Amino acid sequence: MAIKADYRSFRELLGSLAFDVPDFQREYAWTKENLEDMLDDAISSAESGHFLGSVIVYTDNSDQPFPQQETLVRIVDGQQRLTTLMIVLAAIRSMISESKTKTIDKIDGYLNIYSDSEQENRLRSRLRTQENYFEDGIILRHHDQSLAASSLNKDSIKRMDSAYENSISLIRHRISSNDKNISQEDALSSILTKILNVNFVIITLESLAEAYAIFQTVNARGVELATIDLVKSDLFSYAACAQNANPTSYWKEAQTNWVSTGTEGDEYFQTYWYSRFGYIRQKDIFQSYKKLRIGDPEKALDKIKEIKEDSLYYKAIYSPESIYKNSKQDPSIADICDSIYAISSVFKNTQVNPLLLSLIRKNQEKKIKTSDLRDFLDTLEKYLFHIEISGVGKGGGRTQKYAGMAGRIFRADTRKKILDEMGEIRKEFSQIIEKGGEQKFIDGFKKLEYGRGSSNGTFIRYILYKLAKYYNLTIEAGLDWRGEGNATVEHIVPIEMGKDGAHDADENAWTVEIVSKIPNLILVSKKMNDNLGNLTPRDKLNILKSNKFNIYPYLEGIYSGRRDVSVKDIDNYNSEIAKEAYRSIWSI
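Below you will find a few notes about this structure. Remember, predicted model here, so these are calculated numbers, not experimental data.

Take the nonpolar core next. In terms of nonpolar packing, the biggest core is built from 120 residues, with Phe385, Phe445, Ile463, Leu467, Ile518 and Tyr552 touching the most fellow members. It is helix α16 (residues 370-390) that contributes the most residues to this core, nine residues altogether. Apart from the residues lying within four places of it in its own chain, the contact partners of Tyr552 are Leu464, Leu467, Tyr471, Leu473, Ile518, Pro519, Leu521, Ile522, Tyr573 and Ile577.

This next bit is on the pairing of strand β10 (residues 521-525). Counting buried positions along β10 gives five out of five residues, so the element sits mostly inside the fold. In β10, alternate side chains face the same way, and those of Leu521, Leu523 and Ser525 on one face and Ile522 and Val524 on the other are all buried. Pairing between strand β9 (residues 487-491) and β10: five bridges, direction antiparallel. Bridge pairing in β10 places Ala487 opposite Ser525.

So, on to the packing of aromatic side chains. The final tally for this structure, using the stated rule, is 34 aromatic pairs. Between the aromatic rings of Phe347 and Phe385, the centroid separation amounts to 6.4 Å while the plane-to-plane angle is 45°, which identifies the pairing as tilted. Residue Phe347 is found in the loop between α14 (331-346) and α15 (353-364), and its partner Phe385 is found in helix α16; the two are separated by 38 residues along the sequence. For the pair formed by Phe347 and Phe385, the shared burial category is buried. By way of ring pairs, the aromatic residues Phe236, Trp251, Trp258, Tyr268, Phe269, Tyr272, Trp273, Phe277, Tyr314, Tyr318 and Phe410 are connected into one cluster. Here Arg482 stacks its cationic end above the ring of Tyr341, 5.4 Å away from the centre of that ring.

A few words on helix α13 (residues 297-318). For α13, spanning 22 residues, the distance from its first C-alpha to its last is 32 Å, which sits close to the expected 32 Å at 1.5 Å a residue. Listing the buried residues of α13 in full gives Ala300, Leu301, Lys303, Ile304, Ile307, Lys308, Asp310, Ser311, Tyr313, Tyr314, Ala316 and Ile317. Two to three positions downstream of the cap, the backbone nitrogen of Glu298 sits 3.1 Å from a side-chain oxygen, assigning the N-cap of α13 to Asp296.

All told, the structure shown has 28 salt bridges when counted by the stated rule. A salt bridge links Asp20 to Arg124; the nearest nitrogen and oxygen atoms lie 2.9 Å apart. Here Asp20 is found in strand β2 (residues 17-20), whereas its partner Arg124 is found in strand β6 (residues 122-125), with 104 residues between them in sequence. The residues Asp20 and Arg124 share a single accessibility class, namely buried. For the salt bridge of Arg482 with Asp480, the shortest nitrogen-to-oxygen distance reads 3.3 Å. On the accessibility criterion, Asp480 (29% relative accessible area) is partly exposed.

With that settled, the discussion passes to the environment of Gln243. Here Gln243 is to be found in the loop between α9 (227-239) and α10 (247-260). Judged by its relative accessible area of 69%, Gln243 falls in the exposed class. Along the chain, Gln243 and Ile285 lie 42 residues apart, while their C-alpha atoms are 29 Å from each other.

Turning next to the packing of α14 against α16. Across the interface, α14 lies against α16 with an axial gap of 9 Å and an inter-helix angle of 30°. By the angle between their directions, the pair α14 and α16 is classed as roughly parallel. For α14 against α16, the interelement crossing comes out left-handed. When α14 is examined against α16, the residues Ser332, Ile333, Asp335, Ile336, Ser339, Ile340, Ala342 and Ile343 are found in contact with a partner set consisting of Thr370, Leu373, Arg374, Leu377, Asp378, Leu380, Glu381 and Leu384. Class assignment for the residues of the contact of α14 with α16 results in nine nonpolar, three polar and four charged.

Right, let's get into the sheet that holds strand β3 (residues 51-59). The strand order β1-β8-β3-β4-β2-β7 describes an open sheet built from six strands, whose pairing is mixed. Here the strands that pair on one side only, and so sit at the sheet edges, are β1 (4-9) and β7 (127-128). Note: β3 against strand β4 (residues 71-77), four bridges, orientation antiparallel. When the bridges of β4 are listed, Tyr58 appears paired with Arg74. Contacting β2, β3, β4, β7 and β8 (199-205), helix α3 (residues 79-95) runs over the sheet at an angle of about 105° to β3.

Take the packing of α16 against helix α19 (residues 438-446) next. Where α16 meets α19, the axes come as close as 8 Å, and the angle between the chain directions of the two elements is 70°. By the angle between their axes, α16 is roughly perpendicular relative to α19. Where α16 approaches α19, its residues Phe385, His386, Ile389 and Ser390 are matched on the opposing element by Lys440, Phe441, Gly444 and Phe445.

To find leftover empty space, one rolls a probe the size of a water molecule over the atoms. Counted according to the given criterion, the structure contains one cavity of 30 Å³ or more. Looking at the largest cavity, its volume works out to about 90 Å³. The wall of the largest cavity is formed by Leu464, Ala468, Leu473, Thr474, Leu521, Ile522, Leu523, Val524, Phe549, Asn550, Ile551 and Tyr552. Going through the elements one at a time, α20 (457-470) and β10 are the ones with two or more residues in the lining of the largest cavity. Per-element tally for the lining of the largest cavity: the top contributor is β10, with four residues. Its residues assigned to classes, the lining of the largest cavity comprises 10 nonpolar, two polar and no charged.

Conventions used here
Residues numbered from 1 in each chain as written. Predicted model: local features only at pLDDT ≥ 70, side-chain atom pairs only at ≥ 80, totals over all residues. Heavy atoms only, no water. Core = buried A, V, L, I, M, F, W, Y, C linked by side-chain atoms within 4.5 Å. Buried < 20%, exposed > 50% of the residue type's maximum accessible area, 1.4 Å probe, protein only. Helix = DSSP H or I, 4+ residues; strand = E, 2+ residues; numbered from the N terminus. Contact = heavy atoms within 4.5 Å. Pairing = 2+ DSSP bridges. Phe/Tyr/Trp six-rings, centres within 6.5 Å; stacked < 30°, edge-to-face > 60°. Lys NZ or Arg CZ within 6 Å of the ring centre and 35° of its normal. Expected span 1.5 Å × (residues − 1). Polar contact = N/O pair within 3.5 Å; in protein donor to acceptor, adjacent residues only side chain to side chain. Salt bridge = Lys/Arg side-chain N within 4 Å of Asp/Glu carboxyl O. Axes fitted to C-alpha atoms, helices over the stretch in contact; angles between N-to-C directions. Parallel < 35°, antiparallel > 145°, perpendicular 65-115°, else oblique. Left-handed = near helix turned anticlockwise from the far one by under 90°. Nonpolar A, V, L, I, M, F, W, Y, C, P; charged D, E, K, R; others polar. 1 Å grid on protein atoms, 1.4 Å probe; cavity = no way out; pocket = protein on both sides within 12 Å on 5 of 7 lines; lining within 4 Å. Points joined across faces, edges and corners; volume = space filled by probe spheres on them.

Don't take any of this as a statement about function, it's just geometry.
Here it is in structure tokens:
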């Protein structure tokens, strides 16, 4: 292994190197606080320059479209710091007076690579990031503000854009706080010098495999790295040597999948690990991974492919339709999607993710049938609903419990063994629910209110959808309870009657609490919600009747015009629904 390590200033690096951020690298993630800390350290340092640690790169001679003096290197470690420094340079470039042509030309030479000394033929930016936004949207901003990223929805691009704007703001504040006898141009020139004088130890290797081996060694002590970065460095140190392999494409696909869920790489890898091997402390996962002893290129490549494959199943936890695509034609698929959505987006329970991942994997590997998965997810959904309503099953150790269940499913290698494990888990859930008892569930259910306390809109829409299916209430064509814009919650007795302190025929006062209870709520489309407006309960029910709506049985008397709905009606039916919810609707 040929290692070249040099102590170089940022100015020296910009005089001889061009940088690429490989696709498998983490996207730009620095915050304003990271930027501010680095700027303060750099600007407050002596003229000899602030030390910013090590940068690890490797050369790639397959792509060298530059003049003789420029060498293309790809960054393995240090891309956040180097990208931020380049953004700061671009910000300083935008603040310098156009009359300072020599300084502008010098900075343009740092930011770009030209084929001629007159800087008339620009080849590319000196730094290229994954989305090319640095090249396309940052370094040209000084003459075209329309290049701002406000219309772009990628978080890393928005963070780069914010870093640019924050650099300008922080530098201006720094200048305004300086000695008033120093001109703005001189103060800006001093800051530019300090930025260019920051120092690195740059470690240059001849291959990606070598670079990752050094990356892992350098970071084995001191700076704490994310588990996913350590795993990646270890796998790439071997996989990069595999013949006709492209590990970066597999890793990039995996990264795209977990990023699409809104979770970090470590959270995905923890779920991946728990789904196969059961619980271990987060900080110990990498050491446990090392015990797999992946020591050759093919094994490393297979592990990267496995991580990529599992990332597809992980994505399905948050977007079940990404792999279960025939939900409209196949009721079983629709039920699977509904259950997964309820677990991940309504209950927002991430502790069960390893168990979900293990189950989805077995189904996708054809080890269990779709109907097997549907039935178990239905059980899991009902169990988690009981946790939400009565609090049974809460307390410490849930992460360990679900990870252990996931490991049991993973280790079962036949359908019979998997179904046996699923049966045992069902029994565990049933025992916990029975321990909580019916009355505790009823008490919790009766407290549910729309828009009050912890009961959010999605949770209430979920309950109303389940009740509508059980009681054969009307669900309008195309209504999707999961989407707030598509499905809305309507109060039979208007919320205004509760706010105004109106009374029913028995002189019982309507309150916001009462009219927010489940029996006074129905799930309707936005169009129907607008039609019902703030009409009286009887007028609303007449409109529903004219549209052939099935409604709760207790409302039939109002339907027929014999009487008006009362406070007692809602209280009594709330108890009845709660009992049915425990004994039938959410019974395991």
